[in-house]
Amino acid sequence: MNAASPIKNIKDLIAYAKAQSGGLNYGSWGMGSGGHLVMETLKEQAGIPLNHVPYKTVASITPDVVSGVLMVSTIDSATPVQLIKAGRIRAIAALGPKRMPQLPDVATLAEQGYPIGFVSWYGMFGPSSMSNELAGKLNALLNRWLVLPETVGLFEQKQNTPAPLPKSPEAFAAMIQSELPVWRKLMQTAKIEGA
């Protein structure tokens, strides 16, 4: 949120958006991005008028929120930390299932009554012809890297997000399959063609 706005949490955002005759503009890092899909789902669940303004990059959104050109936007978890701590913009919700390591006082959407189900994840993919043996070796190497203190610190301090948990190739594939219906629903809610 723009720091000068009266909005302190999701309840305030909903009330403010409902009071705007033409709806409230919000930015995201692009059409179909996680931030876009979450806001469109919030729009549907809360019954509020929101207008999407897609930006090409997160870096181009932040100055507009600071200056007040754009009152509200979804932004990745790392970019705005210093601006939030300096009071130049205000965080009103974490989009993921857990609070952010560097902003532990910012409640999640679920904690504020909107369990939208947005979970970001990282993965490594290879060609379908890759042998199970090679996939297993790469997976073991990656899993050892994920639990190193330096790696955990990289995610928590640089990305402002918890480090991903190690998974087997099978568990990772199962997670992707379980998430497909969630993302499909989010895309349908946002009326993105091809969903």
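Worth saying up front: this structure is predicted, and the values here are computed from it rather than measured.

**Student:** Outline the packing of helix α1 (residues 10-19) against helix α2 (residues 34-46), listing residues and values.
**Tutor:** Each pair of packed helices gets described by two things: the angle between the helix axes and the distance between those axes. Look at α1 against α2: their axes get within 12 Å of each other, and the N-to-C directions meet at 70 degrees. Put simply, α1 runs roughly perpendicular to α2. Of the residues in α2, those in contact with Ile-10, Leu-13, Ile-14 and Lys-18 of α1 are Met-39, Leu-42 and Ala-46. The class makeup of the residues in the contact of α1 with α2 is 6 nonpolar, no polar and 1 charged.

**Student:** Break down the pairing of strand β1 (residues 24-28) for me, with residues and values.
**Tutor:** With respect to burial, β1 is a largely interior element, 4 of its 5 residues being buried. Two strands pair when backbone bridges link them, and β1 and strand β2 (residues 50-54) are joined in this way by 5 bridges, in the parallel orientation. Residue pairing across strands places Ser-28 opposite Pro-54, the latter belonging to β2. Between the parallel pair β1 and β2, the chain is carried across by α2, and the sense of this crossover is right-handed.

**Student:** Now, about the environment of Leu-37: what can you tell me, with residues and values included?
**Tutor:** Take Leu-37: it is sitting in helix α2. Judged by its relative accessible area of 1%, Leu-37 is buried. Taking the C-alpha atoms as reference points, Leu-37 and Ala-173, separated by 136 residues in sequence, lie 22 Å from one another. Discounting chain neighbours no more than four positions away, the residues touching Leu-37 are Gly-32, Trp-183, Leu-186, Met-187, Ala-190 and Ile-192.

**Student:** Give a description of a nonpolar patch on the surface that names residues and reports values.
**Tutor:** Where nonpolar side chains cluster on the molecular surface, the patch consists of Met-124, Leu-134 and Leu-138 and spans about 250 Å² of accessible area. Summarising the element assignment, Met-124 is placed in the loop between α4 (81-85) and α5 (132-146).

**Student:** Describe the pattern of salt bridges, with residues and values.
**Tutor:** Pairing of side chains with opposite charge becomes possible as their charged atoms draw close. Enumeration according to the criterion identifies 3 salt bridges in this entry. We note a salt bridge from Glu-111 to Arg-99, for which the minimum N-O separation is 2.9 Å. Of the two residues, Glu-111 is situated in the loop between α4 and α5 and Arg-99 in the loop between α4 and α5; the sequence distance between them amounts to 12 residues. Overall, Arg-99 belongs to the partly exposed group, its relative accessible area being 36%.

**Student:** Describe the side chain of Thr-62, with residues and values.
**Tutor:** By the secondary structure assignment, Thr-62 is in helix α3 (residues 58-67). With residues up to four places along the chain from it excluded, the contact list for Thr-62 reads Ile-75, Thr-79 and Leu-83.

**Student:** Please provide a residue-by-residue account of the packing of aromatic side chains, values included.
**Tutor:** Under the defined criterion, the tally for this structure stands at 5 aromatic pairs. Their ring planes at 50 degrees and their centres at 6.5 Å tell us that Trp-121 and Phe-125 sit as a pair that is tilted. Accessibility expressed as a relative area gives 33% for Trp-121, which makes it partly exposed. For Phe-125, a relative accessible area of 60% translates into the label exposed.

**Student:** Quick one: what's the story with α3, residue by residue and with numbers?
**Tutor:** Among the residues of α3, those classed as buried are Val-58, Ile-61, Thr-62 and Val-65. What you see down the axis of α3 is that its buried residues fit within an arc of 100 degrees, all on one side. With respect to the buried face of α3, the exposed residues turned more than 90 degrees away are Ala-59 and Ser-67. Of the surrounding secondary structure, the elements contacted by the buried residues of α3 are β1, β3 (72-73) and α4. At the exit of α3 stands Gly-68, carrying a positive phi of roughly 95 degrees.

Scoring rules and cut-offs
Residues numbered from 1 in each chain as written. Predicted model: local features only at pLDDT ≥ 70, side-chain atom pairs only at ≥ 80, totals over all residues. Heavy atoms only, no water. Axes fitted to C-alpha atoms, helices over the stretch in contact; angles between N-to-C directions. Helix = DSSP H or I, 4+ residues; strand = E, 2+ residues; numbered from the N terminus. Parallel < 35°, antiparallel > 145°, perpendicular 65-115°, else oblique. Contact = heavy atoms within 4.5 Å. Nonpolar A, V, L, I, M, F, W, Y, C, P; charged D, E, K, R; others polar. Buried < 20%, exposed > 50% of the residue type's maximum accessible area, 1.4 Å probe, protein only. Pairing = 2+ DSSP bridges. Right-handed = clockwise from strand over helix to strand, strands pointing away. Patch = residues over 30% accessible without salt bridge, like charges linked within 9 Å, V, L, I, M, F, W, Y side chains within 5 Å. Areas by Shrake-Rupley, 256 points an atom, 1.4 Å probe, with all protein chains shown as cover. Salt bridge = Lys/Arg side-chain N within 4 Å of Asp/Glu carboxyl O. Phe/Tyr/Trp six-rings, centres within 6.5 Å; stacked < 30°, edge-to-face > 60°. Arc of directions from axis to C-beta.

Functional significance is not addressed by these values, which are geometric in nature.
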